[in-house]
Amino acid sequence: QRLKAAVHYSVGCLCQEVEEDKDVQFSKQSIAAISEITFRQCEIFAKDLEMFARHAKRTTVTTEDVKLLARRSNSLLKYITQKSEELASSNMEQKEKKKKKSSAAKGERTPGEQEAAVTENEDSNMA
């Protein structure tokens, strides 16, 4: 019930924004109808995502499941793919930073630092 109320509230806020931008009016009945349709569609999406994950013998819904769900809307699929790639690259950058911090804390050298140290040793051996 709380989730349904939250959806209704969000739809109401969105309708208010559209009213201001487009100079139109939404009746309370139309907002309630949009809210109900939105809530039911979200339930369908949730079941579909669960089935996609189960079909792949997983218990976790992944971004690939979400992309499969959005496959009928090219613009939505493109948007989800773009955001997924942005998140993946951001996560990789954070992991690299953590690795550098942890190796620096342990006194270890990063691959670039190791290469520089090897070059310095070779230079001193040649002299």
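- As recorded in an unreviewed UniProt entry, the protein goes by the name Centromere protein S, listed as coming from Vidua macroura.
- Here the protein is described in UniProt, under the heading Sequence similarities (unreviewed entry), as follows: "Belongs to the TAF9 family. CENP-S/MHF1 subfamily."

A word on the overall build of the protein
Next up, step 1: The number of helices and strands found in the protein is five helices and zero strands.
Next up, step 2: For the protein, the α and β elements follow one another from N to C terminus as α-α-α-α-α.
Next up, step 3: Taking as baseline every contact in the protein between residues at least 6 positions apart, the subset at least 24 positions apart corresponds to 22%.
Next up, step 4: In the form shown here, the protein has an accessible surface area of approximately 10,900 Å², with 55% of it arising from carbon and sulfur atoms.

Some remarks on the nonpolar core
Next up, step 1: Core analysis: the biggest nonpolar cluster contains five residues, these being Val-7, Val-11, Cys-15, Ile-31 and Phe-39.
Next up, step 2: Listing elements by their share of this core, those giving two or more residues are α1 (2-22) and α2 (28-55).
Next up, step 3: Here the element with the most residues in this core is α1; it accounts for three residues.
Next up, step 4: Excluding anything up to four places from it in sequence, Ile-31 contacts His-8, Val-11, Gly-12, Cys-15 and Phe-26.

Some thoughts on the confidence of the model for the protein
Next up, step 1: The predicted model of the protein averages 86 in pLDDT, with 83% of residues at 70 or higher.
Next up, step 2: Mean pLDDT per element in the protein: helix α5 (residues 111-126) is the minimum at 48, and α2 is the maximum at 97.
Next up, step 3: Within the model, pLDDT remains below 50 along residues 117-127, and this stretch shows one contact once partners closer than five positions in the same chain are excluded.

Focus: the side chain of Ser-35
Next up, step 1: Structurally, Ser-35 is set in helix α2.
Next up, step 2: Sequence-distant contacts of Ser-35, defined by excluding residues within four places in its chain, comprise Val-7, His-8 and Val-11.

Focus: the environment of Val-24
Next up, step 1: When you line up the elements, Val-24 lands in the loop between α1 and α2.
Next up, step 2: The contacts of Val-24, once residues within four sequence positions are left out, are Val-18 and Glu-19.

A look at the environment of Leu-68
Next up, step 1: Secondary-structure assignment places Leu-68 in helix α3 (residues 63-69).
Next up, step 2: Leu-68 sits 16 residues away from Phe-52 along the chain, and the two C-alpha atoms are 8.3 Å apart.

Comments concerning the state of the cysteines
Next up, step 1: Applying the stated criterion to the full structure yields zero disulfides.
Next up, step 2: The closest cysteine sulfur to the non-disulfide-bonded Cys-13 is located on Cys-15, 9.4 Å from its own sulfur.
Next up, step 3: Taking relative accessible area as the criterion, Cys-13 reaches 25% and is therefore assigned partly exposed.
Next up, step 4: For Cys-15, a relative accessible area of 6% puts it in the buried group.

Reading the values: rules and limits
- Residues numbered from 1 in each chain as written.
- Predicted model: local features only at pLDDT ≥ 70, side-chain atom pairs only at ≥ 80, totals over all residues.
- Heavy atoms only, no water.
- UniProt positions renumbered as here; feature names shortened; annotations may be inferred.
- Helix = DSSP H or I, 4+ residues; strand = E, 2+ residues; numbered from the N terminus.
- Contact = heavy atoms within 4.5 Å.
- Areas by Shrake-Rupley, 256 points an atom, 1.4 Å probe, with all protein chains shown as cover.
- Core = buried A, V, L, I, M, F, W, Y, C linked by side-chain atoms within 4.5 Å.
- Buried < 20%, exposed > 50% of the residue type's maximum accessible area, 1.4 Å probe, protein only.
- pLDDT = per-residue confidence, 0-100.
- Disulfide = S-S within 2.5 Å.

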